[in-house]
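Coordinate analysis (summary)
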Amino acid sequence: MNAAFYLAAAVAVIATGMVITRLNAVHALLYLIVSLLAVALIFLLLGAPLAAALEMILYAGAIMVLFVFVIMMLNLGPQTVAQERAWLRPGIWTGPAALGLVLVVELLYVFVTGDLGHPAGQAPVAPKQVGITLFGPYLLGVELASFLLLAGLVGAYHLGRRTHRGGSGGQVP
Amino acid sequence: MTTSVPMTHGLILAGVLFAMGLVGVLVRRNVIFILLCLEIMLNAAGLAFVVAGSRWGQADGQVMFIFILAMTAAEVSVGLALVLQLHHHFKTLDADAASRMRG
């Protein structure tokens, strides 16, 4: 089962290297999603299924969708269609698709063999145990995280509103 | 059961990913890319927590990963709102365009 870990690690490193060297933001996003999926598979192999699920749902799902929204908002105009055609022409997506295929094959192999390796032979940490710890000793941290999320919500709303006259948006006059 | 993955290799992977994200932050000048590389760095930190938590079979690593996730969500929402403001004011996404302070 060590081979699965090292293969996923190699996929993650390669995809991350492609992220920081792309010139186009959409191409970088494709590679970053592959990198996050590889890290999620590593979490699964390490015996952390809840972290793997959260990595896929929140990182590769929600946060990347935010990036896609912003990139698309910055490119409004008649040339957008041609630009998207140039972004997603055949040949661009073969790299992320190949890396993703490696991950899919690896995931199927892990599920078929049914042998999830764990570092140092420890048992996997079940989501129930994580929940008990999260809402037990770390309850104060949960409250602080809710404060932080509320502050982020208010800050994003304040900064993101469209100011008239193009003036000082989000600045104290 | 086969021999398991040593914790050192997981931590090395986290370190490599963090270093790549740091290089990206330092090299790229596009704000979108800087935010993406920040994501890579936070993800690497979460990976280190999960690896260490898995090594000792404790749930604390995954709890810290959840906290990092919440912090990342807040950071990304505020950061992307700032990107929209930057594009609105300067008509560019170059970070160096906003390097001068007023006053």
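As shown above, the structure is provided for reference.
Residues numbered from 1 in each chain as written. Chains lettered and ligands numbered in written order. Predicted model: local features only at pLDDT ≥ 70, side-chain atom pairs only at ≥ 80, totals over all residues. Heavy atoms only, no water.

**Overview of the packing of aromatic side chains**
Counted by the stated rule, this structure contains three aromatic pairs over all chains. Judged by centre distance (5.3 Å) and plane angle (80°), the rings of A:Phe5 and A:Tyr6 are edge-to-face. On the numbers, 6.2 Å between centres and 65° between planes, the contact of A:Tyr138 with B:Phe67 is edge-to-face. You can see A:Tyr138 sitting in the loop between helix 6 (127-134) and helix 7 (139-160) and its partner B:Phe67 sitting in helix 3 (residues 60-90), one on each of two chains. Judged by relative accessible area, A:Tyr138 falls into the partly exposed class, the value being 24%. A cation over an aromatic ring shows up here: B:Arg28 above the ring of B:Phe33, its NZ or CZ 3.9 Å from the ring centre. In this arrangement the basic side chain of B:Arg55 is found over the ring face of B:Trp56, its NZ or CZ atom lying 5.0 Å from the centre. (Phe/Tyr/Trp six-rings, centres within 6.5 Å; stacked < 30°, edge-to-face > 60°. Helix = DSSP H or I, 4+ residues; strand = E, 2+ residues; numbered from the N terminus. Buried < 20%, exposed > 50% of the residue type's maximum accessible area, 1.4 Å probe, protein only. Lys NZ or Arg CZ within 6 Å of the ring centre and 35° of its normal.)

**Quick look at the environment of B:Asp96**
Residues and elements named next belong to chain B. Here Asp96 shows up in the segment after helix 3. Take Asp96: its relative accessible area is 44%, and that puts it in the partly exposed class. Spatially, the C-alpha atoms of Asp96 and Arg29 are 7.1 Å apart, while their sequence positions differ by 67 residues.

**Some thoughts on the layout of surface pockets**
Residues and elements named next belong to chain A. Taken as a whole, the second largest pocket spans an internal volume of roughly 220 Å³. The set of elements that each furnish at least two residues to the lining of the second largest pocket consists of helix 2 (25-45), helix 3 (49-73) and helix 5 (94-113). When the residues that make up the lining of the second largest pocket are grouped by side-chain class, the tally is eleven nonpolar, one polar and no charged. (1 Å grid on protein atoms, 1.4 Å probe; cavity = no way out; pocket = protein on both sides within 12 Å on 5 of 7 lines; lining within 4 Å. Points joined across faces, edges and corners; volume = space filled by probe spheres on them. Nonpolar A, V, L, I, M, F, W, Y, C, P; charged D, E, K, R; others polar.)

**Things to note about a nonpolar patch on the surface**
Residues and elements named next belong to chain B. The grouping of Phe18, Leu22, Val23, Leu26 and Val27 at the surface amounts to a nonpolar patch, some 450 Å² of accessible area in total. Along the chain, Leu22 turns up in helix 1 (residues 7-27). For Leu22, a relative accessible area of 37% translates into the label partly exposed. (Patch = residues over 30% accessible without salt bridge, like charges linked within 9 Å, V, L, I, M, F, W, Y side chains within 5 Å. Areas by Shrake-Rupley, 256 points an atom, 1.4 Å probe, with all protein chains shown as cover. Salt bridge = Lys/Arg side-chain N within 4 Å of Asp/Glu carboxyl O.)

**Observations regarding the packing of helix 2 of chain A against helix 3 of chain A**
To describe two helices that pack against each other, one gives the angle between their axes and the distance between the axes. Residues and elements named next belong to chain A. Closest axis-to-axis distance for the helix 2/helix 3 pair is 8 Å, and the angle between their directions is 170°. Taken together, helix 2 and helix 3 sit at an angle that is classed as roughly antiparallel. Side by side, helix 2 and helix 3 meet where Ala25, Val26, Leu29, Leu32, Ile33, Leu36, Leu37, Val39, Ala40, Phe43 and Leu44 of the first sit next to Pro49, Ala51, Ala52, Glu55, Met56, Tyr59, Ala60, Met64, Phe67, Val68 and Ile71 of the second. In terms of residue class, the contact of helix 2 with helix 3 is built from 21 nonpolar, no polar and one charged. (Axes fitted to C-alpha atoms, helices over the stretch in contact; angles between N-to-C directions. Parallel < 35°, antiparallel > 145°, perpendicular 65-115°, else oblique. Contact = heavy atoms within 4.5 Å.)

**Remarks on the nonpolar core**
Of all hydrophobic cores here, the largest spans 77 residues; its most connected members are A:Phe67 and B:Leu47. With 15 residues, helix 2 of chain A is the single largest residue contributor to this core. (Core = buried A, V, L, I, M, F, W, Y, C linked by side-chain atoms within 4.5 Å.)

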